[in-house]
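Residues per chain, in single letters:
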Amino acid sequence: MPTEAQPAKNSAPFGYCDSYFVENHDDDNDGIFARAAAERERNRNVARIRQKALAEELSRSTAEEYQDDVLDHMERIEMESMPDIHSIEIQTEIQWYMRPYLLDFLLEAHHAFGLLPETLHLACNLLDRYCSRRVVYKRHYQLVGCASLLIAAKYGDRKERVPTIRELRSMCCSLYDDDMFTQMEWHVLQTLNWIIGHPTITGFLQLALTEVAADPELEHMCWYLSELSLYHKEFISLRPSVMARSCLALARCILSRQQPCYGSWSARYDAQVVIGLSNHLSHPSQALVRKFGTPHLSSVSTTIDLFLKHQAMLAQRAAQASMNEMNHMEIDHSSMNGYLTPQTPQKPGYGPGPVGMLTPPITPDKDYANMAMYNAHQVPVSRLSVATPTPPNVDHMQHTFDAIPNYIRQPHYVQ
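Quick caveat, the model's predicted, so the values are computed rather than measured. (Residues numbered from 1 in each chain as written. Predicted model: local features only at pLDDT ≥ 70, side-chain atom pairs only at ≥ 80, totals over all residues. Heavy atoms only, no water.)

### Some points on the packing of aromatic side chains
To keep things clear, this is the line we draw: Working definition: a ring pair exists when centres of Phe, Tyr or Trp rings (six-membered ring for Trp) sit within 6.5 Å. Plane angles under 30 degrees give stacked, over 60 give edge-to-face, the rest tilted. Put simply, DSSP H or I for four residues or longer makes a helix, DSSP E for two residues or longer makes a strand, and each gets a number counted from the N terminus. Working definition: with a 1.4 Å probe on protein chains only, accessible area under 20% of the residue-type maximum means buried, over 50% means exposed, and in between means partly exposed. Either the NZ atom of lysine or the CZ atom of arginine qualifies as a charge over a ring when it sits within 6 Å of the ring centre and within 35 degrees of the ring normal.
Inspection of every chain in the model, using the stated rule, returns 2 aromatic pairs. An angle of 90° between the planes, with centres 5.4 Å apart, marks the rings of Tyr224 and Phe292 as edge-to-face. Here Phe292 lies in the loop between helix 13 (286-291) and helix 14 (300-327) and Tyr224 lies in helix 10 (residues 216-229), a separation of 68 residues in the sequence. For the pair formed by Tyr224 and Phe292, the shared burial category is buried. The ring of Tyr137 carries the charged tip of Arg139 above its face, separated from the ring centre by 5.4 Å.

Listed below in structure tokens is the structure:
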């Protein structure tokens, strides 16, 4: 006959167990095994952080030991993978005014996918090298740019950030089929003999910035100036090492950072490149302004805008002071004869030239577009952004040129 205690033992859902190793959850809610597991996980995280710090320290010491050899190798191979500007000049359909439109598209795609800065520069290098060797039609210009971005992302970026062909096709408003992206990617690689690697401006900037303390704002300003140079053809044929040092010198001038001594590698910049970059500060691409106007990129586009306004105000004050000085000068008008005095001939005024184009370069020909929309049952979608280039403001260019100190304008020896 069962006792009174037996029904209480059998009332548990899994039956009664009088084992010694069962935890007493009534006395300890966390459990001794849960605390031990948490302690092991904590020790594992501490060991992982220490291992990462040790790896960074070893990598830093090794990089400092081989930095000169790495720099010599990069400077030696940078000329082997440079585009030919003269071959791009003789293209029949694509023109230089189309380049800002394509770069706006690549810049927004690069920013949307969160790719590394060197990926954009490598993509532009692949694009220019391909255009140096092949005839590119206007309707395929954007396709070549997408293929170059895809190759550059696969080459040096993180695998999870590499865009897919479906994403690129969507960003191109479905103007190209999936097979066209694959064929163009293969054709670019075949044309370049599968030589993809190229020392970019960001690579040289990383070596130059190791000489000073960490300065995120200075680094972001250098990124802005380096991407600004991609829009202008006069900087395409320049070596990335020269462009990196020139961008760094101008960024230090804008941010009022101290210039390094002349003996260092980063101090040997090109003064003409610095002046050329400063002349383009007043009319950047709106896509570039939006990208670098975010706080995580130090809002350097806003900093440049404030810098230009400050320099314009200083120039206006200097002009006003000069005008006041001339008004106080005594001029003898009695000895002047306007009829007999030789007059300096004046040049006729130059009005602003044609700016922009009727259709962006990504728009295919009329027959090609109609056929694509008729066969594919597509609805035309506008581009992400079409930023019409702004004509240069001569006053802003002069003000920016005046803001550069004299020691930066002087020519420097560039190796």
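### Regarding the side chain of Ser229
Looking at the element boundaries, Ser229 is found in helix 10. For Ser229, a relative accessible area of 4% translates into the label buried.

### Re the environment of Met184
Applicable threshold: In what follows, residue pairs with any heavy atoms lying within 4.5 Å of each other are defined as contacts.
Its place among the elements puts Met184 in helix 8 (residues 178-191). On the accessibility criterion, Met184 (12% relative accessible area) is buried. Taking the C-alpha atoms as reference points, Met184 and Ala147, separated by 37 residues in sequence, lie 6.3 Å from one another. The contact partners of Met184, leaving out residues within four places of it in the chain, are Tyr130, Leu143, Val144 and Ala147.

### Details of a negative patch on the surface
Defined as follows: Each patch is assembled from residues with relative accessible area greater than 30% and no salt bridge, linking like charges that lie within 9 Å and nonpolar side chains (Val, Leu, Ile, Met, Phe, Trp, Tyr) that lie within 5 Å. Where accessible areas are quoted, they stem from the Shrake-Rupley method and a 1.4 Å probe; at the residue level, only the protein chains shown are allowed to cover. Whenever a carboxyl oxygen of Asp or Glu lies within 4 Å of a side-chain nitrogen of Lys or Arg, that contact is scored as a salt bridge. Only four residue types enter the tally: Lys and Arg on the positive side, Asp and Glu on the negative side; His and the chain ends are excluded. Note that the charge is assigned to NZ on lysines, CZ on arginines, CG on aspartates and CD on glutamates.
Judged by side-chain charge, Glu65, Asp68, Asp69 and Asp72 come together as a negatively charged surface patch. Tracing the backbone shows Asp69 in helix 2 (residues 32-77).

### Notes on empty space enclosed by the protein
Put simply, the test is: Buriedness for pockets is judged along seven lines, at least five of which must meet protein on both sides within 12 Å for an open set on the 1 Å grid over protein atoms alone, while cavities are sets there where a 1.4 Å probe fits but cannot get out, and lining residues have an atom within 4 Å of a point. Grid points are joined across faces, edges and corners, and a volume is the space filled by probe spheres set on the points.
Within this structure, the stated rule accounts for 1 cavity of 30 Å³ or more. Here the largest cavity is characterised by a volume of approximately 240 Å³. Every residue lining the largest cavity is counted, 18 residues in all, and those nearest its centre are His198, Ile201, Leu230, Phe235 and Ile236. Counting only elements with at least two residues in the lining of the largest cavity, the list comes to helix 5 (117-133) and helix 11 (240-254).

### Some points on the confidence of the model for the chain
So the rule is basically this: Each residue gets a pLDDT score, which is the predictor's confidence in that residue and runs from 0 to 100.
On average, the chain scores 77 in pLDDT, and the residues at 70 or more come to 70%. Between residues 1-5, whose pLDDT stays under 50, and residues either more than four places distant or in other chains, the model counts 0 contacts. Segment residues 349-364: pLDDT under 50, and 22 contacts once partners within four positions in sequence are set aside and those in other chains are kept.

### What to know about helix 4 (residues 99-113)
Quick note on the threshold: The span one expects for a helix is its residue count, reduced by one, times 1.5 Å.
Over its 15 residues, helix 4 runs 21 Å from end to end, which matches the ideal 21 Å to within 8%, given 1.5 Å per residue. Among the 15 residues that make up helix 4, 13 are buried, leaving the element largely enclosed by the rest of the structure. Gly114 occupies a position one or two residues after helix 4 and carries a positive phi of about 65°.

### Things to note about unusual backbone geometry
Phi is positive for Trp194, which is not a glycine, with a value near 60°. With respect to the element layout, Trp194 can be found in the loop between helix 8 and helix 9 (201-209). A positive phi angle, close to 50°, is found at Ser299, a residue other than glycine. Take Ser299: it is sitting in the loop between helix 13 and helix 14.

### What to know about the environment of Met79
As for its placement among the helices and strands, Met79 is situated in the loop between helix 2 and helix 3 (85-89). Counting along the chain gives 119 residues from Met79 to His198, while the straight-line C-alpha distance between them is 9.1 Å.

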